[in-house]
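Breakdown of the fold
The chain contents come next:
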Amino acid sequence: MNNTMPPLFTHSYIDDDLIMIRDIMGDIIYLVLGSSESILIDTGLGIGSLKSYIETLTDTPVTVLLTHGHMDHAMGAPEFDHVFLNPLDQAQYNDHSEPVYRDRVNRLFIGPKYNNLKTFLIPSQPLHYEPLLPGMTFHAGKNTLRMFNAAGHTVGSLAILLEEKKMLIIGDACTNNTLLLNEHSTNIRTYLDNMINLKKEVDGHYDCMYFSHGHGKKPVGYLESMITLCNEVLAGDSEKLPYNWIGYDLLVARSRDKHLRRLDGGLSNLAYRPGMEL
């Protein structure tokens, strides 16, 4: 049996000033490089010092922008001095940063190797942050980053448009496995309204989308696909396939394979708590 510890972080270059970093579970973090300041989008699980890893990639000050407050994207944030989070996700962050919850979920996803990784766990409290709101812009080198409301997966989810690169970082807000889990998510009708507005705001301004899981880069059609799917679900057209995700009993709208690809060829998919479609 091979008990070799995998690297806590790896990275690859999307562009000469844009780096995709993965934590030990493959959660994706984006680093936008600038000459005087760099921007980090999300911070992963908080296993291992992301700050130390970033210092091997840039010697500039780093500003952190969190797409949402879930534990697989935000738990490394307390290492950094300059962090932005949508205040609507404060309660979500507090729930996921609770030590018992973190321990349980890390054990579920990482398995027995987590016993060796616990010593690398970054304390998730306290988190000091500034408000991150739709319409705000940030700059790193030649890149302008603009924030957009993408609430649904969490009530404070944000999409980030890299204007010059025509690239939309969507986080977990609109994917082939979008989860509407609990009181920290919106219902489907509100989510639909937010996706319609987001599509109106960004149409024509991006030609690729990047997720925070999987392979990262995706085609443009996910927003349109999710809008269509939400309308179908609200009209009663959902397969309502039972799906348990870390203790949440959800319904999946469309059949999918083991790689979470829709069997009917559609792009976006939705897993939601019963009642969220009402």
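Structure: see above.
Residues numbered from 1 in each chain as written. Predicted model: local features only at pLDDT ≥ 70, side-chain atom pairs only at ≥ 80, totals over all residues. Heavy atoms only, no water.

Quick look at the overall build of the protein
Across its full length, the protein carries 7 helices and 17 strands. Relative to the 2.2 N^0.38 estimate, which gives 19 Å for 278 residues, the radius of gyration of the protein is 18 Å and therefore close to what a compact globule would have. Each principal axis of the C-alpha distribution contributes one length, and for the protein these read about 50 × 45 × 35 Å. Going through the 278 residues of the protein one by one, you find that 55% of them count as buried. Within the protein, residue pairs in contact and separated by at least 24 positions form 60% of the contacts whose partners lie at least 6 positions apart. Looking at the protein as shown, the accessible area adds up to about 12,000 Å², and 53% of this sits on carbon and sulfur atoms. (Helix = DSSP H or I, 4+ residues; strand = E, 2+ residues; numbered from the N terminus. Rg over C-alpha atoms; globule rule 2.2 N^0.38 Å. Buried < 20%, exposed > 50% of the residue type's maximum accessible area, 1.4 Å probe, protein only. Contact = heavy atoms within 4.5 Å. Areas by Shrake-Rupley, 256 points an atom, 1.4 Å probe, with all protein chains shown as cover.)

Things to note about the layout of surface pockets
Think of a ball as big as a water molecule: rolled over the atoms, this probe shows where empty space is left. Taken as a whole, the largest pocket spans an internal volume of roughly 950 Å³. As for the largest pocket, its lining consists of 36 residues, of which Asp 27, Asn 177, His 213, Gly 214 and Leu 260 are closest to the centre. Listed by contribution, the elements that provide at least two residues to the lining of the largest pocket are helix 2 (71–74), helix 4 (99–110) and strand 15 (241–245). Looking at the lining of the largest pocket, the element that brings in the most residues is helix 4, giving 4 residues. Estimates place the volume of the second largest pocket at around 150 Å³. For the second largest pocket, the full set of lining residues is Lys 51, Ile 54, Glu 55, Thr 58, Asp 59, Thr 60, Pro 61, Val 62, Phe 80, Asp 81 and His 82. (1 Å grid on protein atoms, 1.4 Å probe; cavity = no way out; pocket = protein on both sides within 12 Å on 5 of 7 lines; lining within 4 Å. Points joined across faces, edges and corners; volume = space filled by probe spheres on them.)

Considerations on a nonpolar patch on the surface
A cluster of nonpolar side chains, contributed by Met 25, Leu 108 and Phe 109, occupies part of the molecular surface with about 270 Å² of accessible area. If you trace the backbone, Leu 108 turns up in helix 4. According to the relative accessible area criterion, Leu 108 is exposed, its value standing at 51%. (Patch = residues over 30% accessible without salt bridge, like charges linked within 9 Å, V, L, I, M, F, W, Y side chains within 5 Å. Salt bridge = Lys/Arg side-chain N within 4 Å of Asp/Glu carboxyl O.)

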